[in-house]
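Letter by letter, the chains look like this.
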Amino acid sequence: MSTPYPVVDLRSDTITRPSAAMRQAMADAEVGDDVYADDPTVNAFEAEVAELLGHEAGLFTPTGTMANQIALRLLVKPGEELACDRIAHVVRSESGAAAVFSGITTRTWESVAGRLDPAVVAELVTPNAGPHHVSTAAIAVENTHNFGGGTVQPPQAVRAVQQLARDTGMGLHLDGARLWNASVASGTGMADLAAGFDTVSVCFSKGLGAPIGSMLVSTADRIAAARVWRKRYGGGMRQVGVLAAAARYAVRHNVERLAEDHERAARLAAALGQKPELVETNIVVLPVPDAPAVGLAAREQGVIVSVLGPKVIRLVTHLDIDDDGLDRAIEVLTPLLAG
């Protein structure tokens, strides 16, 4: 890849680099041993995020996958079933962890752009299925929906699925890796979006720009159990306040600016012929005749995109993409998609 232009990397909002101010916050962090729950920066940050999301307690984890998998382990016993949509991150992009680590089976429903449909969910799940069949123990909801194209889940649909779970005794996990984006796009507070779920995960290393880190929130009892599972999964961390400080900086400084990413994604989508109603936040999913060929040709001109399948590419705006970068991406991709 040789080009006189700066590289425009639209693969994901995880590729951002810490700012000078974030690095300074990391350098200044007060630390302790978090395995002993002695890191003051982590302890304070866990309490802050739990309060922000309206839950009792929080647990800092190195990755969103670990946060999700611990939550599923708490809600679903080995041999029981998790229900989610077919392209949910917990089943598509976590390396089969629920089956490998927790003996969890999964059953999935079809969705349009990852959007929740309560009737489809109700038809799929089988809670209390008896001794001969697999009982659905929990439902996972993703908001925003990554592979759906950054879809914000409709509040009425979420409430209906929550009522279904309550009526039948199923657990509810919210994969809120990009819940910050849902909050900014919808104007709904984080606590309102997280309400009614037994466990909620949020990520700091996507749109918020931290180098690492996610948080699982729930009741104090569940988080106490989650701390044990984090250690079993190899996630016990020592002076991790250095990383929590970066995540705390991200939450305090980089949430409101997500609106800029959303605006750029909408402009990118419009320029490339995507339907505006399909782009709610910072992710643009485009059908193309030959995704690998488009990805390669774009890369050769300094624009990097994600190839999600033979005929699908994904473009994600983030804090390292400015208007000049967006213009360059449009300039490169327009003829490639037209061809």
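Here, every reference points to the structure presented above.
Residues numbered from 1 in each chain as written. Predicted model: local features only at pLDDT ≥ 70, side-chain atom pairs only at ≥ 80, totals over all residues. Heavy atoms only, no water.

## Focus: the packing of aromatic side chains
Okay, step 1: A complete count under the given rule lists 6 aromatic pairs for this structure.
Okay, step 2: Where Phe-45 meets Phe-60, the ring centres are 6.3 Å apart and the plane angle is 70°; that geometry is what we call edge-to-face. Residue Phe-45 is located in helix H2 (residues 40–53), and its partner Phe-60 is located in strand S2 (residues 57–61); the two are separated by 15 residues in the primary sequence. Comparing Phe-45 with Phe-60, the two get one shared label, buried.
Okay, step 3: Plain terms: the ring middles of Phe-45 and Phe-204 are 5.0 Å apart, the flat faces sit at 50° to each other, and that makes the pair tilted. Separated by 159 residues along the polypeptide, Phe-45 in helix H2 and Phe-204 in the loop between strand S7 (199–203) and strand S8 (214–218) bring together distant segments of the chain.
Okay, step 4: For Phe-45, a relative accessible area of 1% gives the class buried.
Okay, step 5: What makes Phe-204 buried here is its relative accessible area of 0%.
Okay, step 6: Taken together, Phe-45, Phe-60, Trp-180 and Phe-204 form an aromatic cluster joined through their ring pairs.
Okay, step 7: One cation-aromatic arrangement involves Arg-232 over Trp-229; the distance from NZ or CZ to the ring centre is 4.5 Å. (Phe/Tyr/Trp six-rings, centres within 6.5 Å; stacked < 30°, edge-to-face > 60°. Helix = DSSP H or I, 4+ residues; strand = E, 2+ residues; numbered from the N terminus. Buried < 20%, exposed > 50% of the residue type's maximum accessible area, 1.4 Å probe, protein only. Lys NZ or Arg CZ within 6 Å of the ring centre and 35° of its normal.)

## Side note on the environment of Asp-117
Okay, step 1: Checked against the element boundaries, Asp-117 lands in the loop between strand S4 (105–109) and helix H6 (118–124).
Okay, step 2: Classification of Asp-117 by relative accessible area gives partly exposed; the value is 36%.
Okay, step 3: Sequence separation between Asp-117 and Ala-47 is 70 residues; the distance between their C-alpha atoms is 33 Å.

## Structural notes on the pattern of salt bridges
Okay, step 1: If you walk through the whole model with that rule in mind, you get 18 salt bridges.
Okay, step 2: The salt bridge involving Glu-280 is made with Arg-115; its shortest N-O contact spans 2.8 Å. On the criterion of sequence distance, the pair formed by Glu-280 in the loop between helix H12 (258–271) and strand S9 (283–287) and Arg-115 in the loop between S4 and H6 is long-range, its members being 165 residues apart.
Okay, step 3: Given a relative accessible area of 28%, Glu-280 falls into the partly exposed group.
Okay, step 4: Residues Arg-328 and Glu-331 are paired through a salt bridge, measuring 3.4 Å at the closest nitrogen-oxygen approach. Here Arg-328 pairs with Glu-331, and both are found in helix H14 (residues 323–338), just 3 residues apart, close to one helical turn.
Okay, step 5: When salt bridges with common partners are traced through the structure, they connect Glu-260, Arg-264, Arg-267, Asp-323 and Asp-327 into a single cluster. (Salt bridge = Lys/Arg side-chain N within 4 Å of Asp/Glu carboxyl O.)

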